[in-house]
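Survey of secondary and tertiary structure
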Amino acid sequence: MDHIQRIEISPSPGYPDVVRKIAVLGKNEDYKFCSVTLICQIEHYDQTGKRLNAFAAIERDPFLLIADDSSRVNPETGALVFKDANGNYPAGSIGQYTWLKAAVENGANPFAITTGAVLEADALGRFT
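Here is a short report on the structure shown in this document. These figures come from a predicted structure and were not determined experimentally. Sequence positions are assigned chain by chain, starting from 1 and proceeding in written order. Owing to the predicted nature of the model, reporting of local features is limited to residues with pLDDT of at least 70; listing and counting of side-chain atom pairs is limited to 80 or more, with chain, interface and lining totals taken over all residues. Only hydrogens and water are removed before side-chain values are computed, so all heavy atoms of the structure are retained for them.

1. Some points on the layout of surface pockets
Put simply, the rule reads: Cavities and pockets were defined on a 1 Å grid built from protein atoms only: a cavity is a group of points that admits a 1.4 Å probe but offers it no way out, a pocket is an open group of points flanked by protein on both sides within 12 Å along at least five of seven lines, and a lining residue is one with an atom within 4 Å of any such point. Grid points are joined across faces, edges and corners, and a volume is the space filled by probe spheres set on the points. Residues are sorted three ways: Asp, Glu, Lys and Arg are charged, Ala, Val, Leu, Ile, Met, Phe, Trp, Tyr, Cys and Pro are nonpolar, and all the rest, Gly among them, are polar.
What the largest pocket holds in volume is close to 670 Å³. Lining of the largest pocket is provided by 29 residues; of these, V36, A67, L100, I113 and A117 occupy positions nearest its centre. Grouping the amino acids of the lining of the largest pocket by side-chain chemistry returns 17 nonpolar, 6 polar and 6 charged.

Structure representation (structure tokens):
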């Protein structure tokens, strides 16, 4: 058994019976540029959990999820927030890297944070 974290995400449009999972192949924190990168690869499975090799051609290129302070989050939840019509972030929002660093330093589980980041990226359509 490998030690790769896998997180089930939404099915692919056009293949509703295929189970998709994100395999987190690596995590890198860049202290100089204050960022964290998740290296993610999509894997495809049937309903019984068997890998579907027919999808291998579209599984080659990893997705990078990068958290830095150019992205802003709700300080209570860590959820991404976006600029309003006037180009302003919600009051009180903070940089995503700043939030992640504080969360981990205060005992948050990095695997739970990773799961949340992948599910949020899926909800935002990053894996379609």
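2. Some thoughts on the pattern of salt bridges
Selection rule: The salt bridge criterion pairs a side-chain nitrogen of Lys or Arg with a carboxyl oxygen of Asp or Glu, the two atoms within 4 Å.
Under the definition given, this model contains 6 salt bridges. Connected through salt bridges with shared partners, the residues D2, R6, E43, R51 and E59 form a single ionic network.

3. Some details on the pairing of strand β2 (residues 19-30)
Applicable threshold: Two strands are counted as paired when DSSP detects at least two bridges linking them. In this description a helix means any DSSP run of H or I spanning at least four residues, a strand means any run of E spanning at least two, and both kinds are numbered starting from the N terminus.
Sheet topology places strand β1 (residues 5-9) next to β2; 5 bridges connect them, and they run antiparallel. Bridging from a neighbouring strand, I9 pairs with R20 of β2. As defined by bridge partners, β2 adjoins strand β3 (residues 35-45) across 11 bridges and the pair is classed as antiparallel. Paired with E29 across the strands is V36, a residue of β3. Between β2 and β3, which pair antiparallel one after the other, the connecting turn spans 4 residues, and C34 there sits at a positive phi close to 50°.

4. Some words on the side chain of S35
The line we're drawing: The contact rule is simple, with two residues in contact once any of their heavy atoms fall within 4.5 Å.
With respect to the helices and strands, the residue S35 is situated in strand β3. What S35 contacts, discounting residues up to four positions off in sequence, is N28, E29, D30, I66, A67, D68 and Y97.

5. Describing the sheet that holds strand β6 (residues 80-81)
Pairing is antiparallel in the open sheet, where 3 strands are placed in the order β6-β5-β7. The open sheet has two free edges, formed respectively by β6 and β7 (94-95), since each of these has just one partner strand. Pairing of strand β5 (residues 72-73) with β7 involves 2 bridges; the strand directions are antiparallel. Paired with V73 across the two strands is I94, which belongs to β7.

6. Some points on the sheet that holds β3
Working definition: the strands of a sheet are paired by backbone hydrogen bonds and lie parallel or antiparallel to each other. Test applied: For helices, the axis comes from a line fit to the C-alpha atoms of the stretch in contact; other axes are also lines fit to C-alpha atoms, and the angle between any two N-to-C directions lies between 0 and 180 degrees.
Pairing within the open sheet is antiparallel, and its 4 strands lie in the order β1-β2-β3-β4. The open sheet has two edge strands, β1 and β4 (63-68), and neither has a second partner. On average, adjacent strands in this sheet sit at an angle of 30° to one another, irrespective of strand direction. Across the face of the sheet, helix α1 (residues 96-105) comes into contact with β2, β3 and β4 while running at roughly 85° to β4. Of the strands in this sheet, β1, β2, β3 and β4 are in contact with helix α2 (residues 110-123), which crosses β1 at around 30°.

7. Remarks on the nonpolar core
The cut-off we apply is this: Joining through side-chain atoms within 4.5 Å is the link that ties buried Ala, Val, Leu, Ile, Met, Phe, Trp, Tyr and Cys residues into a set, and such a set is a nonpolar core. The buried label goes to any residue with under 20% of its type's maximum accessible area, the exposed label to any with over 50%, and the partly exposed label to all in between, with areas taken from a 1.4 Å probe on protein chains only.
Counting residues in each nonpolar core, the largest one holds 11 residues, listed as I7, I9, I22, V24, L38, C40, I42, L65, V118, A121 and F127. Filtering out sequence-adjacent residues up to four positions away, F127 remains in contact with I9, R20, I22, I42, F63, L65, V118, A121 and D122.

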